[in-house]
Every structure is written in structure tokens, then in C-alpha cells.
Amino acid sequence: MSPPIRFDDRLFRLFGIPLIAFMMPLVFFDHSLSEGARALTPIWLVSLLHTWIYWEGNRVIYFQTRRRFPLVSQTHRRLTWLMVLSVTFTLLACFVINGFLDFCLPNPNIKTPSTFTKNATSLILTGTCLAIYESVYYFRLLQAALLEAEQLKKENLQSQLETLKNQVNPHFLFNSLNTLASIIPEDADLAVEFVQKLSKVYRYILEIRDLQTVSLKEELTALKAYTFLLQIRFGENLNIRIDLPDEHLTDRLVPLSLQMLLENAVKHNIISTQKPLFIEVFIEKERVIVRNNLQRKNQPTDSTGLGLPNIRNRYQLLASQPVDVIVTTQAFAVSLPLLPARTPAGEQLLIND
């Protein structure tokens, strides 16, 4: 979600309203400074009253309307409501102010502008006010979008580095090579498949380095390769059940999120014949859930603690729904919201089963 777009306009109102009030009689009502600024002062004060009421009233309408329709997708509705409310307020305020001034300051010797001219000028002033606020809002929105894109890029890079480090560190390489060495004499075909799966995991990490999201199908393909490596290593002591219906495979999620959650489960829990680890990956209420039975290791493991916070931070930038963590005495689960299916250019991977 985008952060709130704030605009401190106090100085702008303090100096802008008097300046615009000074310019309005000169531009729209054929007044001039030929007789001196002192002669123009009463007219400027009347213009200042108009400008201040129109500006402050439409400012309140603008911020209330923007609060009611904050999303970019709601721009059409927001502008429609804004136009209707602002025009209504401006014309009503113009009628009341002019009636009040005509009653309190009657002067038949002064030629006053027509009602049409007064209303048209008031609407021009209102349009100027709203255009300024809308321009500032979209400029700040663009700044926020650029900042989010940069932050998301940083989070993706951090995710890649974290995952690569977890897989290239000596423990992972030792375990993988040790497993490979043990199966080569017994099953050469299985050893070849092991190397192929290991290669697929690394290739996936390289291919998603520039992507903000991937489809569940793409993530699942790489996840199966990683699961194969884990199950060869731990055998029957590790049970992984993946149940992801086909109708959700086009939905999207942040890259490497499922793999990182499996890594966390294996890293922080006991896996043995007496205490096998069970991991489930399934869909529930438009969310993908990774859950394992909880059997924490007595000794702390080497960990940077960046995996789950990294996933949370990336989802915070992409989705309105948070990442949920559910911990009980028996299980640990992480629930990731599925993002709407889409096929943006440049976000197609070439990973085959």
C-alpha cells in the first residue's frame, strides 16, 4: 500500500490567499493601480473575503473527498464528487457573500459586476485552488511510487542474497555434496537427477532476480526441485505435502517466499527418526499456507533472521493484506496472501518440470 500523501500548506495559504485576492480584481474586474494601492484596499479586502472562504471551504471538501476515495483506481469517482460538491459550495457561497455585502455596504454609485461575472470568477478561483492541490497530490504520489519501487528493488535483492547465502554456505554445500556422494555408488541415475534439481534451484534464483512477483506455478516448479533435495537428504524423516489446486496456479506471490519458509522450517526444527518433521503447503481462503509441526531445536542455529521479515516487507509494498504468522504449542504456520493473476511484460520464466 502507498503511504499517506501529506501536504503542509500553511505557508502557501498564508501568502497565497492574499496574493491571489490582490490579483483577482486586477485580472477579472478591470481595476488598476493607477489611483494608488490605497484606493484599491477596500476592493482587495472584499476580494480577500471571497478568496479566503472559497479556498478554505474547497480545501476541506478536497481533503474529505480524497480521504473517502484515496486510491488511484478511485480517481474518476473522487473527481466527480469533488466537482459536484465544490461547484455547489462555490455558487452557494458566492450568492451568500454577495448578498451580505450588498446589504451591509450599499453603494449605488459603484458599478458592480454582473452575477454571471461574479460566479464565473468564483469558479475560476475554485478551479485554481483544486488544481494546485491535485497537482501537489499527484507529484507526491509519484514520489511515493518511486520510493516504493526502489525499496521493493532493495527487498528483492536482499531476498536473493539471503537465499543464495543459505544455499551456498558451507553447511548447505557439505550436506548436498555428502548426499550426492552417498547416492552415486548406489544409484547413478538418482545422482544425475539430484544434480539436475540442484541446478534448477540455482537457475530459478537467477531468473527471478528482476521480478517483483511470480506466478504460483513458477514458484511451485522451483519448490518441487528444492523439496526433492531436502527429501533425498532427510529421507522419511521429512514429509512434505504440497496441495495447490490448478485454479490458483496463475495467482501470484513474491519470489522465493515458499522456498524461504521451507528453509526456515528445516533450519529451526528437529528432524529425526523419533521426531519426523511434517510440512504442509496448501491453499485456504485465497491464501497459501506453509505449516509444520513445532519441535524447535534446543541449540540455536546460525541465522540472520531476515527471511520472514523480508517476506513481510515485500508483501507490505505489494498487497493490502498482511502476512500472518500463527504459532501454537504444536504447530508453526505462515499465511501468504495470493496476489491477483496478471502477466506483465518481462515477468515470464522458462522453468520446465
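Parameters and conventions
Residues numbered from 1 in each chain as written. Predicted model: local features only at pLDDT ≥ 70, side-chain atom pairs only at ≥ 80, totals over all residues. Heavy atoms only, no water. Helix = DSSP H or I, 4+ residues; strand = E, 2+ residues; numbered from the N terminus. Expected span 1.5 Å × (residues − 1). Buried < 20%, exposed > 50% of the residue type's maximum accessible area, 1.4 Å probe, protein only. Polar contact = N/O pair within 3.5 Å; in protein donor to acceptor, adjacent residues only side chain to side chain. Contact = heavy atoms within 4.5 Å. Axes fitted to C-alpha atoms, helices over the stretch in contact; angles between N-to-C directions. Parallel < 35°, antiparallel > 145°, perpendicular 65-115°, else oblique. Left-handed = near helix turned anticlockwise from the far one by under 90°. Core = buried A, V, L, I, M, F, W, Y, C linked by side-chain atoms within 4.5 Å. Pairing = 2+ DSSP bridges. Salt bridge = Lys/Arg side-chain N within 4 Å of Asp/Glu carboxyl O.

1. Some points on helix 8 (residues 257-268)
It helps to recall that an α-helix has 3.6 residues per turn; residues three or four apart then point in one direction.
1) Next: With twelve residues, helix 8 extends 17 Å between its outermost C-alpha atoms, agreeing within 8% with the 16 Å of an ideal straight helix rising 1.5 Å per residue.
2) Next: Extensive coverage of helix 8 is indicated by the burial of ten of its twelve residues.
3) Next: Buried residues of helix 8: S257, L258, Q259, M260, L261, L262, E263, A265, V266 and K267, and no others.

2. Quick word on the side chain of T126
1) Next: With respect to the helices and strands, the residue T126 is situated in helix 4 (residues 115-168).
2) Next: Of note is the side chain of T126, whose polar atom sits 3.3 Å from the side chain of N58.
3) Next: Ignoring any residue separated from it by four or fewer positions in sequence, one finds T126 in contact with Y54, N58, S86 and T90.

3. Observations regarding the packing of helix 7 (residues 216-234) against helix 8
1) Next: Contact geometry of helix 7 with helix 8 gives a least axis separation of 8 Å together with a crossing angle of 25 degrees. By the angle class used here, helix 7 and helix 8 are roughly parallel. Between helix 7 and helix 8 lies a crossing whose hand is right-handed. Packed against helix 7, whose contacting residues are L216, E219, L223, Y226, T227, L230 and F234, the element helix 8 presents S257, L258, Q259, L262, E263 and V266 at the interface.

4. What to know about the nonpolar core
1) Next: By size, the foremost hydrophobic cluster in this structure holds 50 residues, and its most contacted members are L258, L262, I279, V288, Y315 and L336.
2) Next: It is helix 7 that provides the largest number of residues to this core, a total of ten residues.
3) Next: Excluding anything up to four places from it in sequence, L262 contacts L223, Y226, T227, L230, I240, I279, V281 and V290.

5. What about the sheet that holds strand 6 (residues 324-327)?
1) Next: What the five strands build is an open sheet, ordered 2-4-5-7-6; its pairing is mixed. With one partner strand each, in any of the chains shown, strand 2 (238-243) and strand 6 form the two edges of the open sheet. Pairs of neighbouring strands in the sheet enclose a mean axial angle of 10 degrees, with direction left out of account.
2) Next: Pairing geometry for strand 6 and strand 7 (residues 331-337), over four bridges, is antiparallel. If you follow V325 over to strand 7, its bridge partner there is V334.
3) Next: Running at roughly 165 degrees to strand 2, helix 7 makes contact with strand 2 and strand 4 (277-283) of the sheet.
4) Next: Helix-sheet contacts for helix 9 (residues 307-318) involve strand 6 and strand 7, and the interaxial angle to strand 7 is about 25 degrees.

6. Brief notes about unusual backbone geometry
1) Next: The phi torsion at L256 lies on the positive side, around 65 degrees, for a residue other than glycine.
2) Next: A relative accessible area of 0% means that L256 is categorised as buried.
3) Next: Positive phi values are uncommon outside glycine, yet E286 reaches one of about 60 degrees.
4) Next: Secondary-structure assignment places E286 in the loop between strand 4 and strand 5 (287-293).
5) Next: Here E286 falls in the partly exposed class, since its relative accessible area comes to 48%.

7. Description of the pairing of strand 4
1) Next: Extensive coverage of strand 4 is indicated by the burial of five of its seven residues.
2) Next: Where strand 2 and strand 4 come together, six bridges link them in parallel fashion. When the sheet's bridge partners are listed, R241 is paired in strand 4 with E280.
3) Next: Direction of pairing for strand 4 relative to strand 5: antiparallel, over a ladder of five bridges. When the sheet's bridge partners are listed, E280 is paired in strand 5 with R291.

8. A short note on the pattern of salt bridges
1) Next: Throughout the structure, instances matching the rule amount to five salt bridges.
2) Next: A salt bridge links E56 to R13; its shortest N-O distance comes to 2.9 Å. Of this pair, E56 sits in helix 2 (residues 37-68) while R13 sits in helix 1 (residues 10-28), and the two are 43 residues apart along the sequence.
3) Next: Given the relative accessible area of 16%, E56 is considered buried.
4) Next: With a closest N to O distance of 3.3 Å, D324 and R287 form a salt bridge.

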